[in-house]
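# Coordinates in review
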Amino acid sequence: PSLLFCSTCSYLNDTSCNDIVDYLLRHFPDSNPTKELAQQNLMKVGHCIEVVLDHIMEKQEEATTTDGQCTFCEQGMIDPNFIVPRTSGHTCGQLRSMVLSVDENNRNGTHLCTSIQKEEGVCCPKNKDGIFIAPPPTTPAPSPQPTTPPPTPPAVVKVNYKKDLNVTMPTHNMRHENGTFIGASEWYHYWTIAKNVKRSNNNNYNNTDSSQSYMDHSHDDYVLSRVKADFEKAIEHTRKMKSRYEEVNAIPDYRVRGLGWIEQRLGMVLTVAVVGDNDDAANANREESMGVLSAGNISIFIVDAVGKMKCGGNDNNSDETLSDNWMEYHPPLTMWVRANGPEIFAGTALPHVFASSSSPGDRHRCAWRYEFEPRMPGVYSIYVKALTFNGFADWNKDLCKVKKLQWENNSTKDVGDRQIQAAIVHQLAEKGNFSHHRGLMAFKNYDQLNSCCEACTRSRGCRMWSIPGEIDECELYFDRIEDDIVFWDSDMGKHLGRDRTYSYAQQKVSDFPVARRRLGRRNDHRKLAMNRNEINLPTWPKLGVPDSFGYPREEPVLDFIGCGWSNLKSFESPCHYPSDDLIFGSGKRIEITVGSKDQIADVSIASKVEEKKACSVEDESFGNGRWVKYPFPDDSVCMPVEQDLDNGGFSTYMPKYNGTSMPPFCWHRDNIDRCCNVCGEMGCRFIVTHRWVSDLRQSGKWFGRWENYDCFYDDLSSAEI
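Nothing here was measured: the structure is a model prediction, and the numbers come from that model.

## Digging into the state of the cysteines
Per the counting criterion, the structure on display carries 8 disulfides. Between the sulfur of Cys73 and that of Cys124 lies a disulfide, 2.1 Å long from S to S. Disulfide Cys73-Cys124: torsion about the S-S bond near -80°, hence left-handed. Linking Cys73 in the loop between strand 2 (69–70) and helix 5 (92–100) with Cys124 in the loop between helix 7 (120–123) and strand 3 (157–160), this pair joins segments that are 51 residues apart in sequence. Here Cys73 matches Cys124 in class, with each residue buried. Cys638 shares a disulfide with Cys666; S-S distance 1.9 Å. Note on the Cys638 and Cys666 pair: the S-S dihedral is about -85°, so by sign convention the disulfide is left-handed. Of this pair, Cys638 sits in the loop between strand 25 (625–629) and strand 26 (669–670) while Cys666 is found in the loop between strand 25 and strand 26, placing the two residues 28 residues apart along the sequence. The class of Cys666 is buried, set by a relative accessible area of 2%.

Here is the structure:
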């Protein structure tokens, strides 16, 4: 009834909803003090349902609770042995026994009491006058004669399974006993190689040393002062983001993606500060106008505003030298940084340690730094996105211990696939003494066995997985419901459930950042970010893999926490806004100025800088260049962009290139807003519009190329090649 009640009104000026508005004003004056606010609340379906259900629950409690005693079906039951749906197999009689066992001093209004009383409509239904509908009288039976009791009907399926008690669970601890982060050394080693690598003549990577013994502290004082100035704003930004998830009962989504993961697992709220080597640092972060910096080395700092997490090694580090393992005290958090302007720079922020002269509370504050060197003047936008944690952790699929699941249809009736797969899961849970389990529907799931194993490994508390799931591709099993940590609310002592009432199936880019949510049907007893009944994907037993079960891997765990497409999270735990992985301060704009015309790079893509040499293989390195944008060429220079109709592999749009009719540098232009708008992968049509759109695509036209600082590349036409 609450769903119908709340879906009636669609517009604020809908006069047919006046009676509903009056209802809210009478019964919920605290949240609806005025008629206008009540109308607005009707537009928030989640809020409307919540207040109406609260009202209904309040009336139910008043009707079923007397003298502080929790009651259940006081006037009798239709059938004490009837198994009540959604109660894990409990009968009406068992529910009544549970009510009577509630602590005497805390009966009325307890969570257990109100939860059980919800099932009175099943066990002891009443008519419209509130009178118990008693079972029809029965004719007294003759005196019973000793007989053999009827056989227990067989279960739908018989599963051959025995729980393995010797399985070692993966550790979800982030640190070793000595305080260093698991995987941090490998993380730092690989990213510094990527930054410093050179290619030799035989194309082998050469790197002398990935460690760093000296660190620049010239900006520390300013950066720390900037972080403290932004503290309240950064905290408020995170609080508002968390509230958005709370409003739709989706805190588990917040906990496993973007800034929510960082706040939940690391206790950090990050903020961005920008500073240049040649400037007064305050110029880069002025609130009243765009920051202005001179061309030269620019640093982007990402710093924890909270300061409880300790980074940077021990207190013996000096400003001149660092201990050999200082980087192991930094979380292996990969963050993508980009400066987008006349030139484009992008890379990974590396750990930064503040000077020992800093205050005790700041010396070990976690921080990262990314440096770039713009040479062209103009406005640059700064973005930082969280991507992975411990992203270089390797894995061994043999540790999943995959075993074939053997079962047989044991039912005397004709049952469907859905009943069989649910029965398989229930028997596994019963035989393994798993009191809690939940399903998983993965995105682009081409490898179900390893995906289910990975999902169990990453889910804290998961003890086993199986294919099939109760209604999904696979099922995750837990010893206790509170072991499902992502979904467990320790403060309230309850499981947060899967009753998601929102869906992104029909969402459009224009809906962001105000996400449009709609209700879905409830026939699957739970909701995904994508309602399961909206996804037309292969289901059991048509998955194409043998029925199996296995265990989580006993290995360090990696995690993808960004808001991009995720195999395990796009359907199950989405970022509600695609920008929920952007570090606070992203979008900051700075203006780069140059002091001399000699510093300005040539703005013509057709010109060569004669002072530079031609690039050779030895000149290649990941960190020795940048993307340079140029004005989009006139049609008189490059032929108008045409669609390539000769290539049948591109169903939407691909620009045609004719290397003999125009200069070869015309190849570098593109209409990028026509690209990458269609996805042909399995299931991606449900979430193709739910993605972060870069500001690079706003203009729609792109003309630029990668250029090395010290040498030039020569474009060749088709004929020259």
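## Brief notes about the packing of aromatic side chains
Scanning the model with the defined rule gives 16 aromatic pairs in all. Aromatic side chains Trp407 and Trp540 sit 6.1 Å apart centroid to centroid with 50° between the ring planes, which places their arrangement in the tilted category. Pair noted here: Trp407 is in strand 15 (residues 406–409) and Trp540 is in the loop between strand 20 (494–495) and strand 21 (548–550), with a separation of 133 residues, a long-range link. According to the relative accessible area criterion, Trp407 is partly exposed, its value standing at 26%. On the basis of relative accessible area, Trp540 is assigned to the buried category, the value being 7%. Members of the aromatic cluster, joined through ring pairs, are Tyr161, Phe549 and Tyr551. The residue whose ring lies beneath Arg244 is Tyr577, and the NZ or CZ to ring-centre distance is 3.6 Å.

Thresholds, definitions, all that
Residues numbered from 1 in each chain as written. Predicted model: local features only at pLDDT ≥ 70, side-chain atom pairs only at ≥ 80, totals over all residues. Heavy atoms only, no water. Disulfide = S-S within 2.5 Å. Helix = DSSP H or I, 4+ residues; strand = E, 2+ residues; numbered from the N terminus. Buried < 20%, exposed > 50% of the residue type's maximum accessible area, 1.4 Å probe, protein only. Phe/Tyr/Trp six-rings, centres within 6.5 Å; stacked < 30°, edge-to-face > 60°. Lys NZ or Arg CZ within 6 Å of the ring centre and 35° of its normal.

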